[in-house]
Amino acid sequence: MSQFTRRDFIKALAAAYPAAVLTIPKAHAASKARVVVVGGGFGGATAARYLKMMSPTLDVTLVEKNKIYTSCPLSNEVISGFGELKDLQTGYDGLKKHGINVVFDEVAAIDPAKKSVALKSGTTLAYDALVVSPGISFNYGGVEGYTQELADTVLPHAYKAGPQTLVLRKQLMDMPDGGTFIITVPKGPFRCPPGPYERASQVAAYLMANGKTKSKVVILDANDSFSKKGLFEQAWKKFYPDMIKWVSGANDGNVIKIDPKTRMAYTNFGEHKADVLNVIPPHHAGNVAVSAGLANDKGWCPVDMLTMESSLHKDIWVVGDSCVHGELPVYAAPKSAHMAVTQAKVAAGAIIAKLNGQPAPEPFFVNTCYSIAAPDWGFSVVHVYRVEDGKLMYVKDAGGISPIETPALAVQRKLEARYAEGWLRNIMADAFA
Amino acid sequence: MRYRVVFGMILAGLLGSAYAEDKTEALAITCNNCHGVDGVSVGPNMPSIGGLPESYLKNILLEWKAGTRYSATMGRLVKGYSDEQIAALAAYFSKKPWTPAAQTTDPKLVALGKKVTARCAGCHGETGNAGDGDTPNLNGQWAEYLELEALKYRDDAVAMPNKQMRKAAQKLSEEDVKAVAEFYASQKK
C-alpha cells in the first residue's frame, strides 16, 4: 500500500465506485456482539432474522417457549372454517438455518443492570443488546368470574391463536340455530384493533353458510367506536342483515363480570345470555417485559419512537404488541403483526448502529392491516409514517381505510380479501423462513 | 501517500452517497412484509417485484401516487413516499434477480393459454418475458395475481391507463383469463 500510485488510485476509485454504490457497508465493530431476543412471534423472529441479515457475524440467540408458532392474523378465519390452523403455523428451522441460536426455554428473569437473561432451565445469557418481544399477557381479573383455567378449557378467548381457536370453532359448530354468540371486547388499547369485529363477521359468515340464520352475534364493547367501523357495518348490512349487534361502551356494553356456568355476561346495568361466550379479557405487555421493569403504570412498554429502545432501560429494545409506540393524536402504532415486523426491522438497524457507536439510521414505519368480513370481501387500513422534527408523524396524504364508496366495490373487496392471504404468506416467510 | 489521503476523502464522499443506499435498503425492507424478501413473493396473490424493469416499477408507483392507475391498496401506501424515494425503490428492486414462483399449473390450461397469448406476444414476448425494459415480466409470475390483475383491466369502473391492455383483456372469456394466467405462470424463462 505504501507504493500506492496515482494510477492505482484511479483504478481503486473505479473499482470502489460501483462497490460503494451497489453494496451497503454492513456492521463492522458489532461483529461478535451478543444479541438476545426474547419472544419468537412476528416481532422477535423478524428482529433475529434481520439482525443476522444486516450483520452476519453477530451472535444472535432467540428464546421462545413453543416449538411451533401460530399466527393470530387469519385465525378468525379458522373459527369460521374458511381457513385451517395448520396453514397459520411455522417452526423455527428457517431461523436456525440463518445461524440464529434458537433456544426453547422460558425466561425466569431479565437483569437490565447486569445485562443478562436467566432462563428457567438454569442457563444465563449475557447480552450487549436485548430485544423483548413477548406479545401480550392477559389480565383475567379484569372480568370477574373469568380465569385462565376457564380460558384453557370451556371459555376460550382465542385471542392467542392455537388450541383455543379450535375449541371456539367447535363451540360455534355446536351452537344450535337461534343461538347467541357473544364476543366481549376490553377497553383499548388491545392487540389487533379490528380483530373482535372481524371475528364477529367470520362467525356470522359461518352461520349464514350453514343455514343457522336465526342466530345472533352480539359484540359487548367497552369502547365507543372501533377500527374500520364504516367498512364493517357496510359489510354486515350487506351479508348479515340484523344478525350482528354491536353494543358500545356508552350503551352499557362494558362487561365487568361473567358466570361461566350459565354463560351470562354482566354489564353495569344489564345481563346477556350467551350460547357461546367468547370473553376477550383486557391485556397488557407480556409478563416477562412487565417483570423486567419495562412497562409503565398502564402496563405497556414505552420506547423511543425512532429506535424502539426502551425509555426505561437502555440497551433493551421492545417491539410488537408489548410496546406503546408514540402517543395519540400525533402518532400511535396499532398492535398489529405488520407493525411488529416493521418495528423489529427498525430496532435491528438501531441496535447495529449503537453497537458500532454510530447514530441510529432514519427509521421507516408502515402498517397494513387487512380484515376479511365475508368470503371475497376484504378491506384494509394503511398507515405511513415519516420523521418530522425528530418525531414520527402520520403522513397525512397517505394511508387511511379502503374506500367505502367506489364504483368497483366488488373488485376492491375481492382483491383485498385475497391480498390478506398473500400478505400472511409473505410476512410469515419474512419473519420465519 | 498524498493519493491515499485524497482517495480516502473521495471514498468517504462516496460512502456519503452509499448512505442514501442504506436509506433505500431501510425503506425497501418494509416492502418485504407483503412482497417477500428481495421482492420474491411466496403468496400466490401478491406479485413478485424483485427483478421487474426499473422504469415499469417507477411508472406504476408514480401512477398510483397520482391516482391515474387503480389499485386496491398500493395507492394509499405510495402517497406516503417522495418521488426520490419511489425512484430509489424502483432501482433497488429492479436490480434483484427475477425469480419465477414455485407453483403448479394445469397443463390443459397452459396449452390453451399458449394459443390465447399469441396476440399478447407482440408486447409481452412469447413467454411473457418482453425484456424491453418497460414491460413487466409475466413469466413465472403468480397465476392468481395475474388473474386478479386482469379483473382490473376488465372492469371499466376502475382507472387503468393502458387502453390497449384494457381492450385485449376485455376480449377474453373467463376461461381465457385463467388460461393466460396459467400459461405465463408456467414459463420459467
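Residues numbered from 1 in each chain as written. Chains lettered and ligands numbered in written order. Predicted model: local features only at pLDDT ≥ 70, side-chain atom pairs only at ≥ 80, totals over all residues. Heavy atoms only, no water.

## Digging into the sheet that holds strand β15 (residues 264–267) of chain A
Residues and elements named next belong to chain A. Basically, it comes down to this: The pairing criterion for strands is at least two bridges between them, as found by DSSP. Labels follow the DSSP assignment, with helices taken as runs of H or I lasting at least four residues and strands as runs of E lasting at least two, numbered in each case from the N terminus. For every element, the axis is a line fit to its C-alpha atoms; helices are fit only across the contacting stretch, and the angle between N-to-C directions ranges from 0 to 180 degrees.
The 3 strands are arranged β14-β15-β16 in an open sheet whose pairing can be described as antiparallel. In this open sheet, the two edge strands, each paired with only one partner strand, are β14 (255–259) and β16 (271–273). Neighbouring strand axes in the sheet, compared pairwise and without regard to direction, differ in orientation by 25° on average. When β14 meets β15, the two strands line up antiparallel, connected through 4 bridges. Among the inter-strand pairings, K257 is bridged to a residue of β15, identified as Y266.

## Here we look at helix α5 (residues 83–94) of chain B
Selection rule: For a helix, the expected span equals 1.5 Å multiplied by the residue count minus one. Think of it in three bands: residues with accessible area under 20% of the maximum for their type are buried, residues over 50% are exposed, and the middle band is partly exposed, with areas taken using a 1.4 Å probe on protein chains only.
Taking 1.5 Å per residue, 12 residues should reach 16 Å; α5(B) reaches 16 Å between its end C-alpha atoms and fits that length. Of the residues making up α5(B), those classed as buried are B:I86, B:L89, B:A90, B:A91, B:Y92, B:F93 and B:S94.

## Some words on the pattern of salt bridges
Quick reminder of the rule: The rule for a salt bridge is simple: a side-chain nitrogen of Lys or Arg has to be within 4 Å of a carboxyl oxygen of Asp or Glu.
Evaluation of the coordinates by the stated rule reveals 25 salt bridges over all chains. Two residues, A:K345 and A:D430, come together in a salt bridge whose shortest N-O distance is 2.6 Å. With a gap of 85 residues between them, A:K345 in helix α10 (residues 337–355) and A:D430 in helix α11 (residues 409–432) connect regions that are remote in the sequence. The two residues A:K345 and A:D430 agree in class, both being buried. As a salt-bridge pair, A:E416 and B:R76 come within 3.0 Å of each other at their nearest N and O atoms. Within this pair, whereas A:E416 is found in helix α11, its partner B:R76 is found in helix α4 (residues 74–78), the two belonging to separate chains. Looking at B:R76, the relative accessible area reads 11%, which means it is buried. One network of salt bridges, with partners in common, ties together A:K115, A:E309, A:K314, A:D315 and A:K354.

## So, the packing of α10(A) against α11(A)
Residues and elements named next belong to chain A. Rules: Note on angle classes: values under 35 degrees are labelled roughly parallel, values over 145 roughly antiparallel, values of 65 to 115 roughly perpendicular, and the remainder oblique. In this scheme, a crossing is called left-handed if the near helix is turned counterclockwise away from the far one by less than a right angle; it is called right-handed if the turn is clockwise. Here, residues are in contact when the closest pair of their heavy atoms is within 4.5 Å.
One can describe the packing of α10 onto α11 by two numbers: an axis separation of 11 Å at closest approach and a directional angle of 30°. Compared by their axis directions, α10 and α11 come out roughly parallel. Between α10 and α11 lies a crossing of left-handed hand. Judged by residue contacts, A337, H338, V341 and K345 of α10 engage W423, I427 and D430 from α11.

## Considering unusual backbone geometry
Residue and element names in this part refer to chain A. A cis amide bond links G188 to the next residue, P189, at an omega of 0°. Within the secondary structure, P189 sits in the loop between β11 (180–185) and α7 (195–209). At L74, a position not held by glycine, the phi torsion is positive, near 75°. As for its position among the elements, L74 is in the loop between β3 (69–70) and α3 (76–79).

## Description of the confidence of the model for chain A
As a reminder, the rule being used: For every residue, the predictor states its confidence as a pLDDT score lying anywhere from 0 to 100.
Averaged over chain A, the pLDDT score is 92; the fraction of residues at 70 or greater is 92%. For the stretch residues 1–29 of chain A, pLDDT sits under 50, and the model shows 37 contacts to residues farther than four places along the chain or on other chains.

## Quick word on the packing of aromatic side chains
Residue and element names in this part refer to chain A. Definition in use: By convention, a stacked pair of Phe, Tyr or Trp rings (six-membered ring in the case of Trp) has centres within 6.5 Å and planes under 30 degrees apart, an edge-to-face pair has planes over 60 apart, and any other such pair is tilted.
This model, assessed by the stated rule, comprises 19 aromatic pairs over all chains. Arranged with centres 5.7 Å apart and planes meeting at 90°, the rings of F42 and Y69 form a pair that is edge-to-face. Here F42, found in helix α2 (residues 42–54), pairs with Y69, found in strand β3; they are 27 residues apart in sequence, far enough to count as distant. An identical accessibility class is assigned to F42 and Y69; each is buried. Geometrically, the ring pair formed by Y92 and F104 is edge-to-face, given 5.7 Å between the ring centres and 70° between the ring planes.

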